[in-house]
Structure formats: structure tokens, C-alpha cells
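Tertiary structure, described
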Amino acid sequence: MRVVGIIAIAALAAGALASCEHTDNERLPYAPVNITFWTQADWITYGPAGAASHRDFIREKRIPASYPFTADTYTGFGGVMLCTDYNGAPHAYDLACPVERSRDVRVAINSDLLAECPKCHSLYDVFALDGGAVGGAAARDHYGLTVYRTGPGPQGEYLTVTY
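**Things to note about the overall build of the protein**
Within the protein, the regular secondary structure consists of 3 helices and 11 strands. The N-to-C order of helical and strand elements in the protein reads α-β-α-β-β-β-β-β-β-β-β-α-β-β. Here the protein holds 163 residues, and 40% of them are scored as buried. Within the protein, contacts between residues at least 6 apart in sequence are counted, and of these 51% link residues at least 24 apart. Within the structure as shown, the protein displays about 8,900 Å² of accessible surface, and the carbon and sulfur contribution to it stands at 56%.

**Section: the sheet that holds strand E9 (residues 132-135)**
The 4 strands lie next to each other as E6-E7-E8-E9, forming an open sheet whose pairing is antiparallel. Whereas interior strands pair on both sides, the edge strands pair on one side only; in this sheet they are strand E6 (108-109) and E9. Strand direction decides the pairing type here: strand E8 (residues 123-125) and E9, joined by 3 bridges, are antiparallel. Following the sheet pairing, tyrosine 124 is matched in E9 by alanine 133.

**Some words on the pattern of salt bridges**
Following the criterion strictly, the structure yields 3 salt bridges and no others. The shortest N-O distance in the salt bridge between lysine 119 and glutamate 100 comes to 3.8 Å. Of this pair, lysine 119 sits in the loop between strand E7 (115-116) and E8 while glutamate 100 sits in the loop between strand E5 (90-94) and E6; the two residues are 19 residues apart in sequence, bridging distant segments of the chain. A salt bridge links arginine 140 to aspartate 141, with the shortest nitrogen-to-oxygen separation between them at 3.0 Å.

**Some remarks on the sheet that holds strand E10 (residues 147-151)**
Each strand in a sheet pairs with another by means of backbone hydrogen bonds, the pair being arranged parallel or else antiparallel. Strand order in the open sheet formed by 7 strands is E2-E4-E5-E10-E11-E1-E3, with antiparallel pairing between adjacent strands. At either margin of the open sheet sits one strand with a lone partner, and together these are strand E2 (54-57) and strand E3 (74-75). When E5 meets E10, the two strands line up antiparallel, connected through 2 bridges. In the strand pairing of E10, alanine 92 is matched with tyrosine 148.

**Focus: the nonpolar core**
Counting 16 residues, the largest nonpolar core has Met81, Cys97, Val107, Ala115, Tyr124, Val126 and Leu145 as the members making the most contacts within it. Leaving out residues up to four positions away in the same chain, leucine 145 has contacts with Asn25, Tyr93, Asp94, Ala96, Pro98, Val107, Ala115, Tyr124, Val126 and Gly131. Judged by nonpolar contacts, the second largest core, of 14 residues, contains Phe57, Phe69, Leu82 and Ala92.

**Brief notes about the packing of aromatic side chains**
Taken as a whole, this structure holds 9 aromatic pairs when the rule is applied. With centroids separated by 5.0 Å and ring planes inclined at 90°, the aromatic side chains of tyrosine 148 and tyrosine 163 adopt a geometry described as edge-to-face. You can see tyrosine 148 sitting in strand E10 and its partner tyrosine 163 sitting in the segment after strand E11 (159-162), a full 15 residues away along the chain. Here the aromatic residues Phe37, Trp43, Tyr46, Phe57, Tyr67 and Phe69 are joined through ring pairs into a cluster of three or more. When the ring centre of tyrosine 143 is taken as reference, the NZ or CZ atom of arginine 27 above it lies at 4.0 Å. One cation-aromatic arrangement involves arginine 59 over tyrosine 74; the distance from NZ or CZ to the ring centre is 5.6 Å.

Conventions adopted
Residues numbered from 1 in each chain as written. Predicted model: local features only at pLDDT ≥ 70, side-chain atom pairs only at ≥ 80, totals over all residues. Heavy atoms only, no water. Helix = DSSP H or I, 4+ residues; strand = E, 2+ residues; numbered from the N terminus. Buried < 20%, exposed > 50% of the residue type's maximum accessible area, 1.4 Å probe, protein only. Contact = heavy atoms within 4.5 Å. Areas by Shrake-Rupley, 256 points an atom, 1.4 Å probe, with all protein chains shown as cover. Pairing = 2+ DSSP bridges. Salt bridge = Lys/Arg side-chain N within 4 Å of Asp/Glu carboxyl O. Core = buried A, V, L, I, M, F, W, Y, C linked by side-chain atoms within 4.5 Å. Phe/Tyr/Trp six-rings, centres within 6.5 Å; stacked < 30°, edge-to-face > 60°. Lys NZ or Arg CZ within 6 Å of the ring centre and 35° of its normal.

Distances and angles like these do not, on their own, reveal function.
Below is the structure:
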């Protein structure tokens, strides 16, 4: 009976330790983010095409080419992946893989609708798990994509993406 009690206590302790683990989504160096959609028409033109879709914004590469980048537009450390979840709500993440921590190693959506790092092959769910890791070194080390704020702008803008 005493062995059963010790095993139960050990299981509870292991569960408590596991619940203390958290996702580190602040591994990248700080870089400003400011992408503005002034009207709903801007969002329709430059934003993701619908639920579970995405569009990348990388200012120094002028991606997307048609977006009107200004001196006040900033796209984070490795660029910004602006996406909509399965319900159509907007979310934004830095494109740089937090495992690699390089502005030139950017995740991309694969055929399974997961953001995948081309170097370490970590996988992130940007459509349902807020950029949380679901595979690879990022999942092992509890690294998530850097999350940016999305919402109406302070001066009546339809939507802004900020850090």
C-alpha cells in the first residue's frame, strides 16, 4: 500500500511540474511592427484572402509588392505573417523561426497548413494554436512564434498590426 502512495505522489509531482512549462514566444530580438489597413477595402485588397489563409509582409523585400509601404511601416525581425484563423479572426506572427533566431530563416505554410521552418523543420500551428509549436525542436524546447497584436487602430483605422 505504501508503494502505491509513493507512486501516486510521484505522479502528482510530475503532473505539477509539467503544468509549469510554458511556451517561450519572446526568443527573437525586439523589432518594431506597424502595418496599417486604413479601411475594410484595404484589408480586402492586402490582407489574407479568407479563413485559414495568410499573407507575408517583408518591408525590405517589398512583399507584398502591391502594398503601400510607408516610412512608418515596420515588419518585425524576419517579416510578419498575417493570417486568419478558422473563424476568420486576424492573427500576426513574426516569420523568423524562434529556434534559428535568424531574420533570414523564415517559416512558410506547408501542405498540412502548418508553418514550417525550412532549416530545423519545426512546425507551428498559426490557424488554431496561436503560433504554438507542434513538432520539431521548437515543440521539444517549448518555443512558439512571436505574436503581434492585431485590432482596430487608435485613430479609427480598420486594423493595425503592432508589437
